[in-house]
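Coordinate analysis (summary)
Each chain is listed here by its residues.
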Amino acid sequence: MTKSNTREISRRHFIKGLGVLSAGITLMPQAVFGESRQPVKHAIPSSGERIPVIGMGTSRTFDVAENAAILTQLGQVLQVFFDNGGAVIDSSPMYGNSETIVGNLLKTIPNKGSLFAATKVWTDGKQSGIDQMQESMQRMGVGVMDLMQIHNLRDWKIHLPTLRQWKQEGKIRYIGITTSHGRFHAELMQIMRTEALDFVQFTYNIGNRTVEESLLPLAADRGIATLINRPYQRGALFRSVKGQALPEWAREFDCSSWGQFFLKFVVSHPAVTCVIPATSKVHHMADNMAANYGRLPSASMRKRMVEYFERL
Ligand SMILES: NC(=O)c1ccc[n+]([C@@H]2O[C@H](COP(=O)([O-])OP(=O)(O)OC[C@H]3O[C@@H](n4cnc5c(N)ncnc54)[C@H](OP(=O)(O)O)[C@@H]3O)[C@@H](O)[C@H]2O)c1
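None of the values given here were measured: they were computed from a predicted structure.

1. Let's talk about the site of the ligand
Within the structure, the ligand sits among 31 residues, and Asp90, Thr279, Ser280, Lys281 and His284 are positioned closest to it. Side-chain polar atom of Asp90 to an oxygen atom of the ligand: 2.7 Å apart, as the coordinates give it. With respect to the ligand, the side chain of Lys281 contributes an N or O atom lying 2.5 Å from an oxygen atom. Expressed as a share of its isolated accessible area of 910 Å², the protein-covered part of the ligand is 90%. Of all the elements, helix α11 (residues 282-290) adds the most residues to the shell around the ligand, at 3 residues. Residue classes in the shell around the ligand are distributed as 7 nonpolar, 17 polar and 7 charged.

Here it is as structure tokens:
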């Protein structure tokens, strides 16, 4: 089957799937919170631009073969994301086919005006970085990349001047750097102290809070936006609360699932700008996007959440 045939089939499956969706799940925030409710947004310190606090990741979940049934499902996942006020989509050339799948599916989404596209450079050498970033923009189908990040600090001294030049030329809007490994934190903090960055991305979740003493306060001090990866510790957090009841007081911050509990914990930290959970499932995306709305836990509620989680 040719690529264009595959795309046509996926488009037809996708449109068929939308009928099912429009009857139910995508309408959830309006149904739950009413038309007037707006997503919670946080400002990017370097510009003041406000972005919705719930974004999405694409590692593994969007690294799929161009199979019509899977594309239909992922198209619906993206549709639910945009229908519920989503904007930030994080990808990387490290995630196999993900940039391409995101780019192809975005062409089928009617209301993607809020898109804030983020990807990464993950290679050694200046020209190799330039070639890879150009390819990523083509694969994701964007003329300007909102955020370009250096993946896992890889060859960062070489890529940073290119990113600065591209930002000046208007090819990218923001510059960032990422990790998900504690062993890189010391070097990352040194970079944050000495280089001008718009964004930094790292892991933070209710089961892994070491960055509360290091990266988060430093990002706040330096005026760097934070993009938080692995908010579910790759799904492990759900396994640790399996069979456990959500506390009744979670309603006080408009939370009705463990997913929302974990996401609202992350985005209620004052130094967090946006979180990027990844899912391949439509109902999980609807669950995640419910955390884009309503009240956030206060500082004292956050302590209560940690105590409750640690007793389980
Ligand atoms: N160095 C880096 O730059 C770096 C490193 C790590 C991650 N990241 C970025 O951060 C993103 C998120 O991290 P991650 O993908 O490693 O892990 P994660 O978001 O913590 O967890 C993803 C897992 O949670 C499950 N899940 C999602 N929503 C759920 C819900 N509402 N209820 C139950 N299960 C749910 C997903 O399964 P289902 O598919 O079944 O929903 C998936 O197995 C990545 O996709 C990537 O974009 C970047």
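2. Describing helix α10 (residues 258-267)
Among the 10 residues of α10, 10 are classified as buried, and the element is accordingly described as predominantly covered. What α10 keeps buried is the set Trp258, Gly259, Gln260, Phe261, Phe262, Leu263, Lys264, Phe265, Val266 and Val267. Packing partners of the buried residues in α10 comprise β1 (41-43), β9 (225-229), α9 (236-240), β10 (274-275), α11 and α12 (299-311).

3. Observations regarding the sheet that holds strand β4 (residues 88-90)
Spatial ordering of the open sheet is given by β3-β4-β5-β6-β7-β8-β9-β10, a layout of 8 strands whose pairing is parallel. Of all the strands in the sheet, just β3 (56-57) and β10 have a single pairing partner and so form its edges. Sheet topology note: the β4/strand β5 (residues 116-121) ladder contains 3 bridges and is parallel. By the bridge assignment, Val88 is partnered in β5 with Phe116.

4. Topic: α11
In an α-helix, one turn spans 3.6 residues, which is why side chains three or four residues apart end up on the same side. The element α11 is extensively covered by neighbouring structure, given that 7 of its 9 residues are classed as buried. Of all the positions in α11, only Val282, Met285, Ala286, Asp287, Asn288, Met289 and Ala290 are classed as buried.

5. Here we look at the pattern of salt bridges
In this structure the tally under the stated criterion is 12 salt bridges. Here Asp90 and Lys120 are joined by a salt bridge, their closest N and O atoms 2.8 Å apart. Here Lys120 lies in strand β5 and Asp90 lies in strand β4, a separation of 30 residues in the sequence. Taking the shortest distance from any N to any O, the salt bridge between Glu310 and Arg209 comes out at 2.9 Å. One end of the pair, Glu310, is in helix α12; the other, Arg209, is in the loop between β8 (199-203) and α8 (215-222), and 101 residues separate them in sequence.

6. Remarks on the environment of Ala291
For Ala291, the location among the structural elements is in the loop between α11 and α12. On the basis of relative accessibility, which here comes to 0%, the residue Ala291 falls in the buried class. In this structure the C-alpha to C-alpha distance between Ala291 and Pro39, which are 252 residues apart in sequence, comes to 8.8 Å. Contact partners of Ala291, with chain neighbours within four places excluded, come to Val53, Ile54, Gln260, Leu263 and Lys264.

7. Focus: the packing of aromatic side chains
Inspection of every chain in the model, using the stated rule, returns 16 aromatic pairs. Taking 5.8 Å as the distance between ring centres and 25 degrees as the angle between the ring planes, the aromatic pair formed by Trp258 and Phe262 counts as stacked. Placement of the pair is Trp258 and Phe262 together in helix α10, with a separation of 4 residues, close to one helical turn. Each member of the pair, Trp258 as well as Phe262, carries the same accessibility label: buried. Connected via pairs of aromatic rings, a cluster forms that spans Tyr232, Phe238, Trp249, Phe253, Trp258, Phe261, Phe262, Tyr308 and Phe309. Across from the ring centre of Trp122, 5.1 Å away, lies the NZ or CZ of Arg154, which sits over that ring. Positioned above the aromatic ring of Phe265 is the side chain of Arg302, whose terminal nitrogen or guanidinium carbon lies 4.3 Å from the ring centre.

8. What about the confidence of the model for the protein?
For the protein, per-residue confidence averages 91 on the pLDDT scale, and 88% of positions sit at 70 or higher. Contacts for the low-pLDDT stretch residues 1-32, under 50 throughout, to residues beyond four places or in other chains number 40 contacts.

Cut-offs applied
- Residues numbered from 1 in each chain as written.
- Predicted model: local features only at pLDDT ≥ 70, side-chain atom pairs only at ≥ 80, totals over all residues.
- Heavy atoms only, no water.
- Near = heavy atom within 4 Å.
- Polar contact = N/O pair within 3.5 Å; in protein donor to acceptor, adjacent residues only side chain to side chain.
- Areas by Shrake-Rupley, 256 points an atom, 1.4 Å probe, with all protein chains shown as cover.
- Helix = DSSP H or I, 4+ residues; strand = E, 2+ residues; numbered from the N terminus.
- Nonpolar A, V, L, I, M, F, W, Y, C, P; charged D, E, K, R; others polar.
- Buried < 20%, exposed > 50% of the residue type's maximum accessible area, 1.4 Å probe, protein only.
- Contact = heavy atoms within 4.5 Å.
- Pairing = 2+ DSSP bridges.
- Salt bridge = Lys/Arg side-chain N within 4 Å of Asp/Glu carboxyl O.
- Phe/Tyr/Trp six-rings, centres within 6.5 Å; stacked < 30°, edge-to-face > 60°.
- Lys NZ or Arg CZ within 6 Å of the ring centre and 35° of its normal.
- pLDDT = per-residue confidence, 0-100.

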